[in-house]
Amino acid sequence: MTLDLRDVRIDAVVARALTVPLVEPFVIATGRVDATRAVEVSATVHWRGRTATGLGEAACLPPVTREDQGDVLDELAQARLRSGADLDALGTVARAGVETAVCDALARIAGVPLRELLGPGSTESLETDVTVAIAAPSKMGELARAWVARGFRALKVKVGKDVDGDARALEAIGRAAPDAVLRVDANAGYTADQALALARACEALHLDIECWEQPCAADDLDGMARVARALDAPVIADESVRSLADLEVLLARRYADGVNLKLAKSGGPLACLAIGRAAREAGLRVMVGGMVETRLGMTAAAHVACALGGADFVDLDTAWLLADDPYVGGYVADGPRYRLPPAPGLDVRRR
């Protein structure tokens, strides 16, 4: 089904900073994060004669997102939101937070989990990978070994700064966790030549890479196409696909084999669902991921993945990387295996 938010009355929106320290620095090709840079959004809405309040997370990760935490707080402080139609005036990250909160409230009113409101017949369980951020190769190997010991079977490995250093890191991870599935994410940090050089290094090391995520710059579609043609493992577009229009370009130029869906980059769960369904219909692989988010944001993304009936690659791990968890409820985790209970909405609450 497709939710139409235009007939939803918004009575109140409250935004506050959501800053949670990470256990380890989260370093990717384009930056470093030491704490979440998000905004918690609470929205009270009236729909079908009833009123409820929902929560959403607007997650910023510059330069992946154009907005930072302060931008979203300022925007929502000035916004005059009276109905779901007003969400069209918001920036992408702010909209993602408000739309998630509104959808949470609507599911609470309907008395069903958000996944069922979004996609009848949806699944309720997923298995996520966990991210190993850029660090010294020995440190990345230690982290990989520790995560596998905790039950994780798939590791997303951040690369994109230096081909030789990245190859050494992947070699260390391969030795530390030889049975783990590896998903390599360059966060747009490579040229096509560099990405292919790393792929050749992985072949020489006998590393089995399950997928390659965004090897080249977001606008280097020719470079992405070169990499996708040369590699057997699928190339997943992340920074290059934020909207249905971007997906249409991918389908026309066939520069990648799949897409990564993220609430914050596309403006909320409804846009992610539309992109995911269109990608599936076109035979593309689907990954569902996030920025650096808490249990709140990860639970919302998990409901989107379940509404799609699951995903080829699930990357909903960042709550594991935080030094504190300000929320209770949401998904129930058994290591990397998540189950979404039958409670209405997201069922996430502040501690």
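Higher on the page you've got the structure.
Below: a short report on this structure. What you see is a predicted model, and the numbers here were worked out from it, not measured in a lab. (Residues numbered from 1 in each chain as written. Predicted model: local features only at pLDDT ≥ 70, side-chain atom pairs only at ≥ 80, totals over all residues. Heavy atoms only, no water.)

Before going further, it helps to examine the packing of aromatic side chains. A complete count under the given rule lists four aromatic pairs for this structure. With centroids separated by 6.4 Å and ring planes inclined at 90°, the aromatic side chains of Trp147 and Trp320 adopt a geometry described as edge-to-face. With a gap of 173 residues between them, Trp147 in helix 4 (residues 137-149) and Trp320 in the loop between strand 14 (313-314) and strand 15 (327-329) connect regions that are remote in the sequence. Accessibility expressed as a relative area gives 24% for Trp320, which makes it partly exposed. (Phe/Tyr/Trp six-rings, centres within 6.5 Å; stacked < 30°, edge-to-face > 60°. Helix = DSSP H or I, 4+ residues; strand = E, 2+ residues; numbered from the N terminus. Buried < 20%, exposed > 50% of the residue type's maximum accessible area, 1.4 Å probe, protein only.)

Another point: the packing of helix 4 against helix 5 (residues 163-176). At their nearest, the axes of helix 4 and helix 5 sit 8 Å apart, and the two run at 35° to each other. The hand of the helix 4/helix 5 crossing is right-handed. Residues Pro137, Met140, Gly141, Ala144 and Arg145 of helix 4 pack against Gly165, Arg168, Ala169, Ala172, Ile173 and Ala176 of helix 5. Its residues placed into classes, the contact of helix 4 with helix 5 shows seven nonpolar, two polar and two charged. (Axes fitted to C-alpha atoms, helices over the stretch in contact; angles between N-to-C directions. Left-handed = near helix turned anticlockwise from the far one by under 90°. Contact = heavy atoms within 4.5 Å. Nonpolar A, V, L, I, M, F, W, Y, C, P; charged D, E, K, R; others polar.)

Attention now moves to the pattern of salt bridges. Tallying each qualifying case throughout the model produces 26 salt bridges. We note a salt bridge from Arg350 to Glu40, for which the minimum N-O separation is 2.9 Å. With Arg350 in strand 18 (residues 348-350) and Glu40 in strand 4 (residues 37-47), this pair connects stretches of sequence that are 310 residues apart. Assessed through its relative accessible area of 6%, Glu40 is described here as buried. Taking the shortest distance from any N to any O, the salt bridge between Asp325 and Arg295 comes out at 2.9 Å. (Salt bridge = Lys/Arg side-chain N within 4 Å of Asp/Glu carboxyl O.)

This brings us to the sheet that holds strand 6 (residues 125-127). Pairing in this open sheet of three strands is antiparallel, and the strands run 6-17-16 from one edge to the other. For this open sheet the edge positions go to strand 6 and strand 16 (332-334), each flanked by a neighbour on one side alone. Pairs of neighbouring strands in the sheet enclose a mean axial angle of 20°, with direction left out of account. (Pairing = 2+ DSSP bridges.)

Turning our eyes to something else, we now look at the environment of Ala195. With respect to the element layout, Ala195 can be found in helix 6 (residues 192-204). Between the C-alpha atoms of Ala195 and Cys216, which are 21 residues apart in sequence, the distance is 7.6 Å. Apart from residues no more than four positions distant in its own chain, Ala195 is found in contact with Tyr190, Pro215 and Val227.

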